[in-house]
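The primary structure of each chain is shown beneath.
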Amino acid sequence: MALRLVTRNLRNRISPKLCSASLLHSHATSFGFKEVREEEKSQMVGKVFSNVASNYDLMNDFMSAGLHRLWKDRLVSELSPFPGMKHLDVAGGTGDVAFRILEIVNSIRRRALQDPINDDLQEETRIYVCDINQNMLNIGKNRAIERGLGEAKSLVWVQGDAEALSFEDNSMDGYTIAFGIRNVTHIEKVLTEAYRVLKRGGRFLCLELSHVEIPVFKELYDIYSFSVIPRLGEVVAGDRESYQYLVESIRRFPPQEKFASMIADAGFQKVKYENLVGGVVAIHSGIKI
Amino acid sequence: MYRTVVNRILLSGGGRRLLRQPDLRTVISSSRFSTTTETQTIPNRPLNPPDSSSLSSSSTSFQTPPAAGDVPRHERKNPRAEYEGEQARVLQASLRHVLRLGWSEKAMIAGAKEVGISPSIVGSFPRKEAALVEFFMDDCLQRLIDRIDSGEELQNSTPSQCIYKLVRIRLEMQAPYISKWPQALSIQAHPLNVSTSFKQRAMLVDEIWHAAGDETSDLDWYVKRTVLGGIYSTTEIYMLTDSSPEFRDTWLFWIIGERCF
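Predicted model only: the values in this text are computed from it and were never measured.

Before going further, it helps to examine the overall build of chain A. Of the regular secondary structure elements, chain A holds 11 helices and nine strands. Among the 289 residues that make up chain A, the fraction classed as buried is 55%. Within chain A, contacts between residues separated by at least 24 positions form 76% of all contacts whose residues are at least 6 apart in sequence. A total of about 12900 Å² of accessible surface is found on chain A, and carbon and sulfur atoms cover 56% of it.

Turning to the packing of aromatic side chains, a few remarks are in order. Residues and elements named next belong to chain A. Per the stated rule, a full pass over the model turns up 17 aromatic pairs over all chains. Judged by centre distance (5.1 Å) and plane angle (85°), the ring pair of Tyr195 and Phe268 falls under edge-to-face. Of this pair, Tyr195 sits in helix H8 (residues 187-197) while Phe268 sits in the loop between helix H11 (256-265) and strand E8 (269-276), and the two are 73 residues apart along the sequence. No difference in accessibility class separates Tyr195 from Phe268, as the two residues are buried. Among the aromatic residues, those joined into a cluster by ring pairs are Tyr175, Tyr195, Phe204 and Phe268. Positioned over the ring face of Tyr195 is Lys288, at 4.8 Å from the centre of the ring.

Across chain A, the average pLDDT comes to 86, with 87% of residues at or above 70. Counted against residues more than four places away or in other chains, residues 15-19 of chain A, with its pLDDT under 50, gives four contacts.

Residue and element names in this part refer to chain A. Burial analysis of E8 places eight of its eight residues in the buried class, the great majority of the element. Note: E8 against strand E9 (residues 281-287), six bridges, orientation antiparallel. If you follow Lys272 over to E9, its bridge partner there is Ser285. Where E8 hands over to E9, the hairpin turn is made up of four residues, of which Val277 adopts a positive phi near 50°.

Turning to the UniProt feature "binding site: S-adenosyl-L-methionine" (unreviewed entry) in chain A, a few remarks are in order. All names here are of chain A. The positions UniProt marks with the feature "binding site: S-adenosyl-L-methionine" (unreviewed entry) are Thr94, Asp131, Asp161 and Ala162. Note that Thr94 resides in the loop between strand E3 (86-90) and helix H5 (96-111). Non-local contacts of Thr94, meaning those with residues more than four positions away in its chain, are made with Tyr56, Asp57, Phe99, Met136, Ile139, Gly140 and Arg143. Tracing the sequence through the fold places Ala162 in the loop between strand E5 (155-159) and strand E6 (172-178).

What follows covers the pattern of salt bridges. Opposite charge on two side chains allows them to pair when their charged atoms are near. Residue and element names in this part refer to chain A. What the rule picks out here adds up to 29 salt bridges over all chains. For the salt bridge of Arg143 with Asp57, the shortest nitrogen-to-oxygen distance reads 3.5 Å. Note that Arg143 is positioned in helix H7 (residues 134-146) and Asp57 in helix H3 (residues 56-64), a separation of 86 residues in sequence. Classification of Asp57 by relative accessible area gives buried; the value is 19%.

Attention shifts here to the nonpolar core. With 59 residues, the main nonpolar core has Trp103, Ile121 and Phe125 of chain B as its most contacted residues. Contributing elements (two or more residues each) for this core: helix H3 (79-95), helix H5 (105-115), helix H6 (128-150), helix H7 (159-174), helix H8 (181-189), helix H9 (191-211), helix H10 (219-240) and helix H11 (248-260) of chain B. Ranked by residue count, the leading element in this core is H6 of chain B, at 12 residues. Setting aside residues no more than four positions away along its own chain, Ile121 of chain B makes contact with Gly201, Ile287 and Ile289 of chain A together with Tyr83, Glu86 and Val90 of chain B. Counting residues in hydrophobic clusters, the runner-up holds 46 residues, among them Phe49, Leu79, Leu232 and Ile250 of chain A.

Let us now look at H6 of chain B. Residue and element names in this part refer to chain B. Taking 1.5 Å of rise per residue, the 23 residues of H6 would be expected to cover 33 Å, and the 33 Å separating its terminal C-alpha atoms lies within 8% of that figure. Of all 23 residues in H6, 17 are buried; the element is thus mostly enclosed. Residue Gly151 follows H6 closely and has a positive phi angle near 75°.

Here the focus is the pairing of E9 of chain A. Residues and elements named next belong to chain A. Where burial is concerned, most of E9 is hidden: seven out of the seven residues are buried. Here E9 shows no split at all, with Val281, Ile283, Ser285 and Ile287 on one side and Ala282, His284 and Gly286 on the other all buried. Sheet topology note: the strand E7 (residues 198-209)/E9 ladder contains seven bridges and is antiparallel. Pairing of Leu207 across the sheet is with Ile283, part of E9.

All names here are of chain A. With respect to the secondary-structure elements, Gln256 resides in helix H11. At 3.0 Å, the side chain of Gln256 forms a polar contact with the side chain of Ser210. Excluding anything up to four places from it in sequence, Gln256 contacts Ser210, His211, Tyr273, Asn275, Gly279, Ala282 and His284.

Conventions used here
- Residues numbered from 1 in each chain as written.
- Chains lettered and ligands numbered in written order.
- Predicted model: local features only at pLDDT ≥ 70, side-chain atom pairs only at ≥ 80, totals over all residues.
- Heavy atoms only, no water.
- Helix = DSSP H or I, 4+ residues; strand = E, 2+ residues; numbered from the N terminus.
- Buried < 20%, exposed > 50% of the residue type's maximum accessible area, 1.4 Å probe, protein only.
- Contact = heavy atoms within 4.5 Å.
- Areas by Shrake-Rupley, 256 points an atom, 1.4 Å probe, with all protein chains shown as cover.
- Phe/Tyr/Trp six-rings, centres within 6.5 Å; stacked < 30°, edge-to-face > 60°.
- Lys NZ or Arg CZ within 6 Å of the ring centre and 35° of its normal.
- pLDDT = per-residue confidence, 0-100.
- Pairing = 2+ DSSP bridges.
- UniProt positions renumbered as here; feature names shortened; annotations may be inferred.
- Salt bridge = Lys/Arg side-chain N within 4 Å of Asp/Glu carboxyl O.
- Core = buried A, V, L, I, M, F, W, Y, C linked by side-chain atoms within 4.5 Å.
- Expected span 1.5 Å × (residues − 1).
- Polar contact = N/O pair within 3.5 Å; in protein donor to acceptor, adjacent residues only side chain to side chain.

Structure (structure tokens):
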């Protein structure tokens, strides 16, 4: 009798651990709906992004009917950038989020033109764009040159791995990752690294494709994802496989609540998420205190 | 009437801190006035020691982490309180910059830098400038309550004198910020913020009547508070353009206003 109680207690304590272990393990070994070895995943994702890099922005526009621009606007307005901030945008390859942040900081400076303090701070603003894929970074650098930001000291392009950042502890005011965390091998490592590099009071913001639960809309969204998007990828970018990976990886990513609890487990406080377009996209945020 | 009863019960429990209701602010801002479609908040985790097993438990039970040293449960820091505490520290420091920078994000950023926290935290305050103004209003209310509790000035006063003294004390708290107070009023009047500022003023007026010894429990309860609220607001606005020494004219205005009613 006592033995049964003990085993039940043990099982209750172990099985949640096993559950979360198996979920994380499954993310680390899933490449869309395929099962792969952990060591291979990073390479396979790398290949996907090297393939899509040149058409990345165009395809984003097509797939989301231009909505991705609004989502990124929303992400950056949530962040509330300020002059003098040190910001890290991870998996920010082509620079969408970084350019928006820079624009806001510049507009604050223009509005406060008479304020000498702000001018100095403006000089200190640094936005680090970190991406594991050099092709994506190159596209981003070219876009910066096109916008006249080629010589801007505030934009720094760094190649690096989100799971092992080369930045110091407590050095960043803000950390964003837009449409990138789905592709990493170990989500919890990325979250731990994010916590490490943020200063006290720093904010973590994640924009990611997420799960839709609304009844009819869910079915429509599934049809759109699995029938339209790979076909679009084939026609526009000549690469069906990569876009098949894209839609599958969305389904394998943890749902909103689960991801939010993972963020909280990494040590962040005031963790919350906001669904956009019924859950097609979610912005998760947390603060390091 | 219910509020007075609830207040008395809370009072007997010790301390009027509960009237502050910081949770109310958070609840209001996140659920009612969020302009987003949905926003959910996750309860904070207690801090785990760095050497805990690599997988954190997915259950939300608050088990004391092993090998963390013997930290008694009641001493373990409540993460939610930490954030609220830091927010309060930043806002308190920001008040010192209001005269120079107004009730604005810039003042709050300056406050955060003063306290040694990244100004990014300002981005997480609900309705930013309103957070600063509401903090100030709550702070003034708390100080007023403390003055009432200490009791010396209100002994041997008629209710009318009591109300006069309390309103004067309260308005004098705003006097240092009077040059920027119109901005604060306009922030409070913004549709998104009106509900919270109304609640704060209702609490203020209720406190004053309660301190003056009001025991009514019928329709008069509402009438008294509405009237006091009205005269208080008018006096507050009069104070904005009063340049007499130590706001003498404002106190005169108050007495006249009170007599009329």
